[in-house]
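Close look at the chain arrangement
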Amino acid sequence: MKDRNIILSYFPVTRASLLSNIFRLRGNGSLQSIEQNNTAAVWVGKMRLILGVMCFVGLVSAWSGCCAWGFINVEVRYQEYYCCFGWRHNGNEVCNIPICPYDCGGSRGSCTSPGVCRCNAGYTGTYCTTVPTDKAYYPSIEQSTMDLGYYHQVKGMLIYNMTIDSAMSTDDVETFWTNRRDANRMNFTFQSIFSPSALNFPSRPDYILQHAFGITKADVNVRVTNLNNGEKYSKVLVCNGVSRDYPVKEQLYRCEKSIDDFNIRFDSGDTYSVTFRAENGGFRILNNNGVKQYYTGRSTTRKIDLKFDTEIPYHCTEKNECTNPVSDMMSVQNDVIVTTDPIQISWKGWKDQLSKVARYALEVFELEKGGDGTLKEPYTDLVPNPVPITIREFNETTEGGTHSFTYQPNKPGVYSCILEINDRANSSAYVRRFVIYDPISKVTSDKSHPFYATSGNSQANYEWQNINPNNFTFTWENHFLNELHENGNFLAHIRLFPASLDDGGDRTGYKNIPDKYDDREGTRSRDAIPNERGIIKYDVAYNIGKDQSSPPTYQYRNHRSTSIEISENQNLQDGNSFSVWVKAYDILGNTKEERFVLHYDSSKPAVSSTKLRKNVGEDKMDFTSSVHILGASDPHSGVKRIKYRFKAQSTKTVVGEYEYLNPSRDVSYCNRNPCDSNLPTGESFGKTIDLPFSNCYAMNVSDVSTETVTMEMDVYNSAGLFISRSVQ
């Protein structure tokens, strides 16, 4: 709605009309609007009125005429609503009715937008005012509808129904594709009209006594042909209510027919053709002899071709129809995404022999863990066809054309991309691809599952080896992990997509993904990716020595096991070290590297002498004694601990086992006392040891007042080897 300025002009009027105008003046001095049009805004205009000054004659009050007159300007304020150019309203001030010249010929057409007409059949021209010469004398078919449906006898209900009309088809033929081959109800309706009055015939001559001209015949022709145009069925349904003697004119003639005994099976490639035909004609009776003569009429047809295609689309690789390079039925540019880059999906080369590919629909799902440790789309028994995260449709413009789609997930996960390839008959093929999107995770290690040398001595925490100086074994089972991938089953087997979607007819579970269209390529396919805790491979390096922070080279690359046995031609000597590096990889290429240093010592420690010192506490009631050990030494690994126990000689009874850890000494200590220094571990241990113990340890072995108690000692080096000594 817009507004506009309205200018009102008033001219000198008679006295009576002047009085009428004066009486319309409101009490506030404004003039009531005489014209009550709807306006869009308030406007102020000038109105010129003629006001006469009335004179009185004599003592009697009477009008005798105007003594004086003149013009005055009166301000008038009022509203007028009006529509934009080309539009009008029906009184509700909603400007939604377009305006066309000549009203599009009245009943000959309809106005679709300002100045644009859509002509009914039989009329042409910009404004539907022209009757084509070649169409002027033909009847017009205003409606031609076919209803095709399937009624389920057991369920007692109509499963589906298709309604197709061909009246507005530009080439008089409406072609429609379907994959439904089980129709058993067929109804046909069409309406036709012929208006002789629109032809501007001359007046009836005197020699014609009577005449009639209109629609005289109508029928529906039904025909079924196969792919090679061989006829499988043919039937003509004749419409009632018209004839040459009783033509229908100037009004719609309606014909309704049906087929109830159709028993022909539709096959892929068949065409079900329905032709609606209306013919005009009539008669005249001559005045001189009363003979009835019949006109030869003309007929108009409209046609519906319902074509059947029950085959699903296929990819060009299946029939060797691809052009170089070979097309991908569907591909993900990088099916493991480790940055914030979005997922790039593309496809091409899809074809359909009969109805051709019409559209594509791409669904994206985030996979979730199944109860058996697999991955699946978020379907359940109650949700057989889950709602995707996103869905996008694409129209096919060129057979086998290239299409692409970009999707940006909002969180890490394994995503399923399902592409529907749909032909014009509504048959679909489905293809599936997977992608891992993860810009945040990393490889870590679990200290509860250590990386260690299985060839090492367990008594030395597996850090020292005592035998086979040129063969070493290591394990890192469950040590490295990608926590996000482990918890989310990112590398697990992906289930088959369950067949879903029924159309109530002969198609059950038509949304399915056969193995040939499922993801069997790339890094993240349907198959499980061998891994341990999200780690897929390892690089392993080794070198003699303990000082290298990084490996000079990796002798084993893409190692799949979590353990390894290494043979080194150069035998280790006591006191040598052997370094091993393991670099763990996840599916995204993230890594974590750790080193383990194994030391070698095959010789036992030595002890020079042991001496028992009784009651060495400051208070004789302290009941503390000690064993003074001299020459406790191992130059390759040092004496690190002593395990000792007390045994009663009379009963051979042992009570308790105790351990003493020889403290590692610093340089200051070792400068004053003899030490095993510069050991492979970087530790230093004193060679003189005072081993303290409580006298109660010895007294607990017997209830008699006198007993001989032996204190047995195992003196260990850092490599876990020991010698035994004892005192009584």
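Rules of the game
Along each chain, numbering runs from 1 in the same order as the chain's sequence is written. Whole-chain, interface and lining totals are the exception, using all residues; otherwise, since this is a predicted model, local features are given only for residues with pLDDT of at least 70 and side-chain atom pairs are given and counted only at 80 or more. Working from all heavy atoms in the structure, the side-chain values ignore hydrogens and water. In this text, helices come from DSSP runs of H or I with a minimum length of four residues, and strands from runs of E with a minimum of two, each type numbered from the N-terminal end. Each residue is assigned to one of three classes by its accessible area relative to the maximum for its type, calculated with a 1.4 Å probe on protein chains only: buried under 20%, partly exposed between the two thresholds, exposed over 50%. Should any heavy atoms of two residues lie within 4.5 Å, those residues are considered in contact. Surface accessibility follows the Shrake-Rupley procedure with a 1.4 Å probe radius. Residue values consider only the protein chains on display as shielding. Two strands are said to pair when DSSP picks up at least two bridges between them. Note on geometry: axes are lines fitted to C-alpha atoms, helical ones only across the stretch in contact, with angles between N-to-C directions running from 0 to 180 degrees. Pairs were defined over the aromatic rings of Phe, Tyr and Trp, the Trp ring being its six-membered one, requiring ring centres within 6.5 Å. Orientation was assigned from the angle between planes: stacked under 30 degrees, edge-to-face over 60, tilted for the rest. Two limits define a charge over a ring: the Lys NZ or Arg CZ must be within 6 Å of the ring centre, and within 35 degrees of the ring normal. Residues belong to a common nonpolar core when they are buried Ala, Val, Leu, Ile, Met, Phe, Trp, Tyr or Cys residues joined through side-chain atoms within 4.5 Å. By salt bridge we mean one thing: a side-chain nitrogen of Lys or Arg within 4 Å of a carboxyl oxygen of Asp or Glu. Counting rule for disulfides: a pair of cysteine sulfur atoms within 2.5 Å.

Some remarks on the overall build of the protein
A count of helices and strands for the protein gives four helices and 47 strands. A buried classification covers 42% of the 728 residues belonging to the protein. Considering only contacts in the protein between residues 6 or more positions apart, those separated by 24 or more positions represent 67%. Carbon and sulfur atoms make up 47% of the accessible area of the protein, which amounts to about 38,700 Å² in all.

Here we look at the sheet that holds strand β8 (residues 157-165)
Strands in a sheet are paired, the pairing made by backbone hydrogen bonds, and the direction either parallel or antiparallel. The antiparallel open sheet is built from four strands, whose spatial order is β8-β7-β10-β13. With one partner strand each, in any of the chains shown, β8 and β13 (253-259) form the two edges of the open sheet. Shown here is a sheet whose adjacent strand axes are inclined to one another by a mean of 15°, direction ignored.

Remarks on the packing of aromatic side chains
As enumerated under the stated definition, the model contains 32 aromatic pairs in all. For the pair Phe-646 and Phe-693, a centre-to-centre distance of 5.3 Å together with 50° between the ring planes defines the contact as tilted. Here Phe-646 is found in strand β41 (residues 639-648), whereas its partner Phe-693 is found in strand β45 (residues 689-694), with 47 residues between them in sequence. For the residue pair Phe-646 and Phe-693, the accessibility class agrees, reading buried in each case. Here the aromatic residues Phe-451, Phe-472, Phe-474, Trp-476, Phe-480, Tyr-538, Tyr-542, Tyr-556, Phe-578 and Phe-596 are joined through ring pairs into a cluster of three or more. For the cation-ring pair, Lys-376 lies above Tyr-379, with the distance from its terminal atom to the ring centre recorded as 4.9 Å. The lysine or arginine in question, Lys-537, covers the ring of Tyr-585, its NZ or CZ lying 4.8 Å from the ring centre.

A closer look at the environment of Gly-631
Here Gly-631 is to be found in the loop between β40 (624-630) and β41. Along the backbone, Gly-631 and Val-607 are 24 residues apart, and their C-alpha atoms lie at a distance of 5.0 Å.

Observations regarding the nonpolar core
Counting residues in each nonpolar core, the largest one holds 38 residues, and the members touching the most others are Phe-188, Phe-190, Ile-259 and Tyr-272. Counting residues per element, the ones that place at least two in this core are β7 (140-152), β8, β10 (185-193), β11 (208-225), β12 (231-238), β13, β14 (271-286) and β16 (299-308). Ranked by residues supplied to this core, first place goes to β11 with six residues. Counting residues in hydrophobic clusters, the runner-up holds 30 residues, among them Tyr-407, Ile-418, Leu-419 and Tyr-430.

Some thoughts on the pattern of salt bridges
According to the stated counting rule, one finds 39 salt bridges in the structure shown. In this structure, the salt-bridge partner of Arg-277 is Glu-279, at a minimum N-O distance of 2.8 Å. Measuring nitrogen to oxygen at the nearest pair gives 3.4 Å for the salt bridge that ties Asp-515 to Arg-526. Of the two residues, Asp-515 sits in the loop between α2 (483-488) and β34 (535-544) while Arg-526 sits in the loop between α2 and β34, which places them eleven residues apart along the sequence. For Asp-515, a relative accessible area of 43% corresponds to the partly exposed category. Judged by its relative accessible area of 8%, Arg-526 falls in the buried class. Overlapping salt bridges bring together Glu-377, Arg-432, Asp-515, Asp-518, Arg-520, Arg-526 and Asp-527 as one network.

Points about the sheet that holds strand β19 (residues 336-337)
Reading across the sheet, the five strands line up as β19-β28-β27-β22-β25 and stay open at both edges, with mixed pairing between neighbours. Both edges of this open sheet fall to β19 and β25 (390-395), since each of them pairs with a single strand only. Summarising the sheet, strand β22 (residues 357-366) and β25 pair through six bridges and their orientation is antiparallel. Across the sheet, the residue bridging to Leu-362 is Arg-392, located in β25.

Notes on the state of the cysteines
What the rule picks out here adds up to seven disulfides. With a sulfur-sulfur separation of 2.0 Å, Cys-104 is cross-linked through a disulfide to Cys-117. Given an S-S torsion of about -85°, the disulfide between Cys-104 and Cys-117 has left-handed geometry. Separated by 13 residues along the polypeptide, Cys-104 in the loop between β4 (97-98) and β5 (109-113) and Cys-117 in strand β6 (residues 116-119) bring together distant segments of the chain. Accessibility assignment for this pair places Cys-104 and Cys-117 in one class, buried.

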